[in-house]
Each structure stands twice: as C-alpha cells, then as structure tokens.
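Examining the three-dimensional arrangement
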Amino acid sequence: MKEEGPRDLMEKIVSLCKRRGFIYPGSDIYGGLSGTFDYGPLGVELKNNIKNLWWKTFVETREDMYGVDASILMNAKVWEASGHTGAGFTDPLVECGKCKRRFRADTLPNESGKCPECGGILGGERKFNLMFQTNIGASEDEASRIYLRPETAQGMFVNFKNVLDSFHPKLPFGLAQIGKAFRNEIAPRDFLFRSREFEQMEIEYFVREEDWKKHFENWKEEMELWIKTIGLSSEKVHVLEVPNEDRAHYSKRTIDFEFDFPFGKKELYGLAYRTDFDLKNHSSASGIDLVYFDEETKERFTPHVIEPTFGVDRTVLAVLLESYREDEMGGDGRVYLALPHVLAPVKVAVFPLLKNKPELVSKAGEVYKTLKKEIPQISFDDNGNIGKRYRRQDEIGTPFCVTIDFETLENDTITIRSRDSGEQERVSLDVLEERFMKT
Ligand code: GAP
C-alpha cells in the first residue's frame, strides 16, 4: 500500500473543508478565481472564534491597547510614504515567451530558464508590484488611482495622531486592528497559505527608542503564548531570525514564527521592529507632525514601533492541520478535529436518541433552546443513527454531544459524550449548562 505523505494531509483538509462547509473555492460556480476563498457557515465560526479570542487577548484584557478599524481604501499618498509603491513591495517576475504565463522567479524549481508549463524560454526577471490598483470616482486617470491595502498596518499609523488627541495614551501603548489585506500574488498557492485576499490581525506598539529590545522580547513571549493557546504544538513552530537581505524595507529586526506546514516550514506570523520609519515618513509626506509629547519629561519625539503581525487565514490553516486526527472507535475508522474548545465552530450538539419518538424530539428541542441562549454555537441533529451523528460532529470538531433518551424523560438526566475519548457520562440536566459555560 502507498504510504501517506504530508501532501495527503493537505488534500484531506481541503476536501473536508469543502464537504463540511468550512471553506470553498472563491467564485466556485464560475470555475473559481485564483487566490480567493469563501468561508462557509462552519469556517466563518472558526475564523470568528480566532479573531474574537485574539481581540480579547490583545485588546480587551489589556490597558495599553486601542482598537481601530480603518478603511481598506486609503489615499494613494499613504503607500508612497510607506514605501509600498516602490521597489520594497515587489516580487521578482519572469514571463514565458511562448505561453505568456508568469512565474515568481524565486519559486521556480530549477535554473534552466525554461517554462515549467510549456518548456518555452523564460524572459528576464523584472519587479512586479503586489498592490491591486483601482480608481476612485468616475475618472480613470493617474490622479484617481488608489490601491487596495496590502497590510492593515498603515491604517494604524495614519490614525496615530487621532488616537493621541482623543485618548492621550502614555507610552508604551499600541493600536490593534483586524481586517482584510490584498496582494496580487504572482503565484497564489497552498490553499489559504498564499492567497490574494486575506485577513491580518496586527498591532503597532509604540515605544521609546531605547526600550525597543525589551518590548520586542515581551511581544515574542506574548506571541508564543498565543500560539500555545490556539493549540499549535511547540515542536511544529520555529523562530527564524530573518537575515538583513530578506527583511521588509521598513524593518531593522524581524523574526518569523514558522510552522511545519505539509508543504514545508513556512511563515505563520512575524514580529518586526519598524523603528520610526512609518511615523517619520508620514510626518514629512503629510506635513502633520506625528510626534509624542511626554507630559512628565516635556520631551517631544517620534516613537519607535514593534509590530506583531498574525495572518488570520494562515492561523485557520495551521489550526486545522494541527487538529486533524484519524483513529478507530468502536471498530470503525473515524476522522475528528481535536480543536481547542474555544475555537470549535460548534461547541455542543444536541440529539434526541430516536427521531420517531415525539416525546424525545420535543424534550431535546427544549434542551437545545435553553442551551442556545447561553451557547449560541450549538447544533441540533436528529438525522440518521446516533453513531453517524457522533461521526458527523467529530469531523467538524464539536467537543461534546448531548443525547436525550428515555431515561431523560424519567429522571431529567442526559448523556454527554466527549469528542476525543468517545466516553459518555450521565449527568443531570441542571449541571449541563454550568458545564458548557466552562468549555
Ligand atoms: N504589516 C506587516 C506585514 O504585512 P507580512 O509578513 O507581509 O507583514 C503579515 O504579512 C502576515 O500576513 C504574515 O505573517 C502572514 O500570516 C499573512 N500573509 C501575508 N501574505 C499573505 C498571503 N498572500 N496570504 C495569506 N496570508 C498572508
């Protein structure tokens, strides 16, 4: 029998995502649109759970963070000042003289100079800017050209002064944002890993220049803690010190958190020391002084920035890969997602033991409605035999299944079955709600 490789796991994840309503190819009925994906009902819950947990962890539970939600469309001058319209935000591109297909030069498998698709001769390398362009308003001239943002970061830099004026925060403090970013990737690939439309969760943390190293280390620890919280095993996550020549144009130090994806060890998150590059550039380009005034010391200076950045979609992919399991239960093979409970799209599924017993169905409906008030991410299933219902929930990572049976009608007890062990326990209805509040 052929041994399974890591690529097989990727195929299983892609297939499970489509079949069970997590993630579909974008514009599916028209044959798709390369580098885009649509989240289905379960995928959107999983993604929202990740974003909500991130927001709670890094914004709501801290005193030094301010959330913003800036526009995707920004004045084109933003991208000139940030350096994104220049050479800093380009990928090397080569084009085949025969089939006209374009490739990212640094990802081609060999140095032959031949097109991997048709064997034609590849042209010389040129720089390709990754920003999507569009026009604002009815005219289509140079003056109306704008870009879809390639990072959420700039929305925070341009609001630095607004937040200072409204809240007068003391250094160090941070701005945080979750939102879409767009990059016209030459070679989108590996499912959600490299897409053209994706989401970022980013923080710009403003510090005094002399304190940057301390805050960089603090944020490294915070990011490691987050990685643990979302259930990624430490053996699969590696810290890479990004060498000078590979760092983004704005960074003096960057570390990448790489994850062992089935297609290789690749960047999951990044942590960069952006110095005062962005605030200084926006100050001189806009003519607005983006400085901080320290009330105590009476100093006026441009803060430096530590930027922890997290890709939402890469998080979804890593979490799915990490939690995918195959085992045997009751003599049958099964697939389950061992998702951390806080991320599971459905927290609990409620079943009547038999569909054709109205008293069981009605009691199960009552339990479902009561629980739904407290736990919105809940489902009801009375379709097929109980074993099949368990398997369906296992496959989408539901931590608990609650079954209403004849004993429930007699003594108000139900069974709770755990996803990972398959073990069942009988508890009274009273303790049920309290139990799930803790999941
Ligand atoms: N503001 C800094 C910044 O944008 P980046 O390393 O270019 O830095 C940050 O991107 C994160 O966004 C990455 O670590 C990754 O998680 C995610 N990301 C970047 N490009 C992506 C793409 N094409 N598809 C999916 N996620 C992407």
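So, a few notes on the structure that sits alongside this text. (Residues numbered from 1 in each chain as written. Predicted model: local features only at pLDDT ≥ 70, side-chain atom pairs only at ≥ 80, totals over all residues. Heavy atoms only, no water.)

Now for the environment of Arg-419. Its location among the elements puts Arg-419 in the loop between strand S23 (413–418) and strand S24 (424–428). Classification of Arg-419 as buried rests on a relative accessible area of 3%. For the pair formed by Arg-419 and Thr-398, sequence separation is 21 residues and the distance between their alpha carbons is 6.7 Å. Among residues more than four places away in sequence, those in contact with Arg-419 are Arg-334, Tyr-336, Leu-337, Ala-338, Leu-339, His-341, Asp-394, Gly-397, Thr-398 and Pro-399. Within the local environment of Arg-419, its side chain forms a polar contact with the backbone oxygen of Leu-337, the two atoms lying 3.2 Å apart. Here the side chain of Arg-419 touches Leu-339 through a polar contact of 2.9 Å, landing on its backbone oxygen. (Helix = DSSP H or I, 4+ residues; strand = E, 2+ residues; numbered from the N terminus. Buried < 20%, exposed > 50% of the residue type's maximum accessible area, 1.4 Å probe, protein only. Contact = heavy atoms within 4.5 Å. Polar contact = N/O pair within 3.5 Å; in protein donor to acceptor, adjacent residues only side chain to side chain.)

Around the ligand lies a shell of 21 residues, among which Glu-151, Arg-183, Glu-202, Glu-267 and Leu-268 are the nearest. The separation between an oxygen atom of the ligand and a polar side-chain atom of Arg-183 is 2.8 Å. Phe-193 is positioned with one of its backbone polar atoms (N or O) 3.2 Å from a nitrogen atom of the ligand. When the ligand is considered free in solution it has 550 Å² of accessible area, and contact with the protein chains removes 92% of it. (Near = heavy atom within 4 Å. Areas by Shrake-Rupley, 256 points an atom, 1.4 Å probe, with all protein chains shown as cover.)

Another aspect to go through is the sheet that holds strand S6 (residues 102–104). With respect to topology, three strands assemble into an open sheet ordered S6-S5-S7, the strand pairing being antiparallel. The open sheet has two free edges, formed respectively by S6 and strand S7 (126–129), since each of these has just one partner strand. Each strand of the sheet is rotated relative to its neighbour by a mean of 50°, with strand direction disregarded. Direction of pairing for strand S5 (residues 90–95) relative to S6: antiparallel, over a ladder of three bridges. Paired with Glu-95 across the strands is Arg-102, a residue of S6. (Pairing = 2+ DSSP bridges. Axes fitted to C-alpha atoms, helices over the stretch in contact; angles between N-to-C directions.)

A few words on the packing of helix H2 (residues 41–60) against helix H6 (residues 212–229). The interhelical angle for the contact between H2 and H6, taken along N-to-C directions, is 145°, at an axis separation of 12 Å. When the axes of H2 and H6 are compared, the crossing they make is right-handed. Counted together, Ile-50, Leu-53, Trp-54, Thr-57 and Phe-58 of H2 and Trp-219, Glu-222, Trp-226 and Thr-229 of H6 form the full contact between these two elements. Of the residues assigned to the contact of H2 with H6, the class counts are six nonpolar, two polar and one charged. (Left-handed = near helix turned anticlockwise from the far one by under 90°. Nonpolar A, V, L, I, M, F, W, Y, C, P; charged D, E, K, R; others polar.)

The next subject is a nonpolar patch on the surface. Residues Leu-353, Leu-354, Phe-406 and Leu-409 make up a contiguous nonpolar surface patch of roughly 290 Å² in combined accessible area. Mapped onto the secondary structure, Phe-406 falls in helix H11 (residues 406–411). (Patch = residues over 30% accessible without salt bridge, like charges linked within 9 Å, V, L, I, M, F, W, Y side chains within 5 Å. Salt bridge = Lys/Arg side-chain N within 4 Å of Asp/Glu carboxyl O.)

A word on the packing of aromatic side chains. Inspection of every chain in the model, using the stated rule, returns 25 aromatic pairs. Ring geometry for Phe-160 against Phe-206: centres 4.7 Å apart, planes inclined by 50°, an arrangement best described as tilted. Of the two residues, Phe-160 is situated in helix H5 (residues 160–167) and Phe-206 in strand S11 (residues 197–207); the sequence distance between them amounts to 46 residues. Assigned by exposure class, Phe-160 and Phe-206 land together as buried. On the numbers, 5.7 Å between centres and 65° between planes, the contact of Tyr-292 with Phe-301 is edge-to-face. Judged by relative accessible area, which is 6%, Tyr-292 ranks as buried. Looking at Phe-301, the relative accessible area reads 17%, which means it is buried. Taken together, the ring pairs in this structure connect Trp-54, Trp-55, Phe-58, Tyr-205, Trp-219, Trp-226, Tyr-269 and Phe-310 into an aromatic cluster. Sitting over the face of the ring of Phe-193, Arg-314 holds its NZ or CZ atom 3.7 Å from the ring centroid. (Phe/Tyr/Trp six-rings, centres within 6.5 Å; stacked < 30°, edge-to-face > 60°. Lys NZ or Arg CZ within 6 Å of the ring centre and 35° of its normal.)

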